[in-house]
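What follows is the residue order along each chain.
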Amino acid sequence: MKRENQNHSANEQAALAQDEARDGFLPRAQLVDLLGQRSIVLIGIMGSGKSTVGRRLAHRMGLKFVDADNAIQEAANMTIPEIFASHGEAYFRSGEERVIARLLQEGPQVLATGGGAYMSGSTREAIAEAGISIWLNADFETVMARVRKRTSRPLLQTPDPEGTMRQLMADRYPIYAKADVEIHSRDVPHETVAEDIMIGLSQYLLSTSASNGTRDLEVPVAD
Ligand SMILES: Nc1ncnc2c1ncn2[C@@H]1O[C@H](COP(=O)(O)OP(=O)(O)O)[C@@H](O)[C@H]1O
Ligand SMILES: O=C(O)C1=C[C@@H](OP(=O)(O)O)[C@@H](O)[C@H](O)C1
Ligand SMILES: [Mg+2]
């Protein structure tokens, strides 16, 4: 018995495209087509590059870019340090959940979240429904070097920012690991990390669209 129908060749095509995507990434138009209305949602620890790499990724893909932290600041008409100082972290988190749920209705786009956003179960569900989650996985030394001098991240304004960062990483990395795609954020140009994301996204989109498209269609035919 052999399997030979229209779908079989679609399967083969998907496999071929998947091989190509292993070395590079799909043409922009095909990536955007497979993405549909979904958002590319960047998650990861402070300093992993969500905001700056996200902006470049959006530019490369011809998509709009939205930073959830900026949207929260606009909605509150306050900076993030001001929100933490006058209302506390719990207030910030509930605003963050609402703003991200709203922004997710506006895909396709690249959406950079703040480092704590993915810790919320309801935000993870909303992202899974309307987006593809990309974890920018960065190591301790890399992110510390990037965030050390900045005062814009209230969670790191502690007597021991390094210890705080280590604890946040220990708490959060097992949750970040639930993301659809994991990309190593390292000290290479932002553009290179944006390309790595396009490679990871290509592989993810091909593997998920191949399995979705073939499940019901592949029928064995007799010789
Ligand atoms: N690949 C990279 N190479 C060098 N510096 C980077 C890279 N990615 C991010 N940075 C720098 O690290 C800092 C934090 O990046 P940002 O995008 O704001 O991170 P996040 O939004 O994840 O907190 C910025 O100064 C940014 O330019
Ligand atoms: O990790 C966190 O909990 C936070 C990360 C920040 O965003 P970035 O990850 O973009 O720095 C910002 O949302 C806020 O300061 C809280
Ligand atoms: Mg950011």
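Note that this is a predicted model, so its numbers are computed, not measured.

A. Structural context of the UniProt feature "binding site: Mg(2+)" (unreviewed entry) in the chain. Taking the UniProt record as the reference, the feature "binding site: Mg(2+)" (unreviewed entry) is found at Ser51. Tracing the sequence through the fold places serine 51 in helix 3 (residues 50-61). Apart from residues no more than four positions distant in its own chain, serine 51 is found in contact with Phe65, Asp67 and Ala112.

B. The site of ligand 1, seen in detail. The full set close to ligand 1 counts 15 residues, and Gly47, Lys50, Ser51, Thr52 and Val188 are the nearest of them. Serine 51 has a polar side-chain atom sitting 2.9 Å from an oxygen atom of ligand 1. Interatomic distance of 2.7 Å between a side-chain N/O atom of threonine 52 and an oxygen atom of ligand 1. Isolated, ligand 1 exposes 550 Å² of accessible area, and the fraction of that covered by the protein chains is 78%. Listed by contribution, the elements that provide at least two residues to the shell around ligand 1 are helix 3 and helix 10 (190-214). When residues in the shell around ligand 1 are grouped by element, the largest group, three residues, is from helix 3.

C. Region of the structure containing the site of ligand 2. For ligand 2, the set of nearby residues contains 13 residues, the closest of which are Lys50, Asp69, Arg93, Arg153 and Arg172. Contact between ligand 2 and glycine 116: an oxygen atom at 3.4 Å from a main-chain N or O atom of the residue. Between an oxygen atom of ligand 2 and a side-chain N or O atom of arginine 153, the distance comes to 2.7 Å. Contact with the protein chains covers 96% of the free accessible surface of ligand 2, which is 380 Å². Class assignment for the residues of the shell around ligand 2 results in five nonpolar, three polar and five charged.

D. Main features of the pairing of strand 3 (residues 109-112). Of the two faces of strand 3, both are covered, the one formed by Gln109 and Leu111 as well as the one formed by Val110 and Ala112. Bridge analysis of strand 1 (residues 39-43) against strand 3 gives four bridges, and the strand direction is parallel. When the sheet's bridge partners are listed, serine 39 is paired in strand 3 with glutamine 109. Where strand 2 (residues 65-67) and strand 3 come together, three bridges link them in parallel fashion. Looking at strand 3, one finds that aspartate 67 is bridged to alanine 112.

E. Highlighting helix 5 (residues 80-87). All of the buried residues in helix 5 are Ile80, Ile83 and Phe84. Buried positions in helix 5, seen along its axis, are confined to an arc of 95 degrees and lie on one side of it. The inward-facing, buried residues of helix 5 contact helix 4 (68-76) and helix 6 (89-103).

Analysis parameters
- Residue numbers here run from 1 along each chain, matching the order of that chain's written sequence.
- Written order determines the labels here, with chains lettered from A and ligands numbered from 1.
- Only residues with pLDDT of at least 70 get local features here, since the model is predicted, and only at 80 or more are side-chain atom pairs given and counted; chain-wide, interface and lining totals rely on the full set of residues.
- Values reported for side chains reflect all heavy atoms of the structure, with hydrogen atoms and water molecules removed beforehand.
- UniProt positions are given in the numbering used here, feature names are shortened, and annotations may be inferred rather than shown by experiment.
- Counting from the N terminus, the helices are DSSP H or I runs at least four residues long and the strands are E runs at least two residues long.
- Note on contacts: a residue pair qualifies if any of its non-hydrogen atoms lie within 4.5 Å across the two residues.
- Here a residue is considered near a molecule or strand provided that any single heavy atom belonging to it is located within 4 Å of it.
- Pairs of N or O atoms are called polar contacts if they sit within 3.5 Å, as long as, within protein, a hydrogen donor faces a hydrogen acceptor (for residues adjacent in sequence, only side-chain-to-side-chain pairs).
- All accessible areas in this document rest on Shrake-Rupley with a 1.4 Å probe, and a residue is counted as covered only by the protein chains that are shown.
- Classification convention: Asp, Glu, Lys, Arg as charged; Ala, Val, Leu, Ile, Met, Phe, Trp, Tyr, Cys, Pro as nonpolar; all other residues, Gly among them, as polar.
- Think of it in three bands: with a 1.4 Å probe and only protein chains considered, a residue is buried below 20% of the maximum accessible area for its type, exposed above 50%, and partly exposed in between.
- Any two strands between which DSSP finds at least two bridges are classified as paired.
- Directions drawn from the helix axis to the C-beta atoms are what define this arc.

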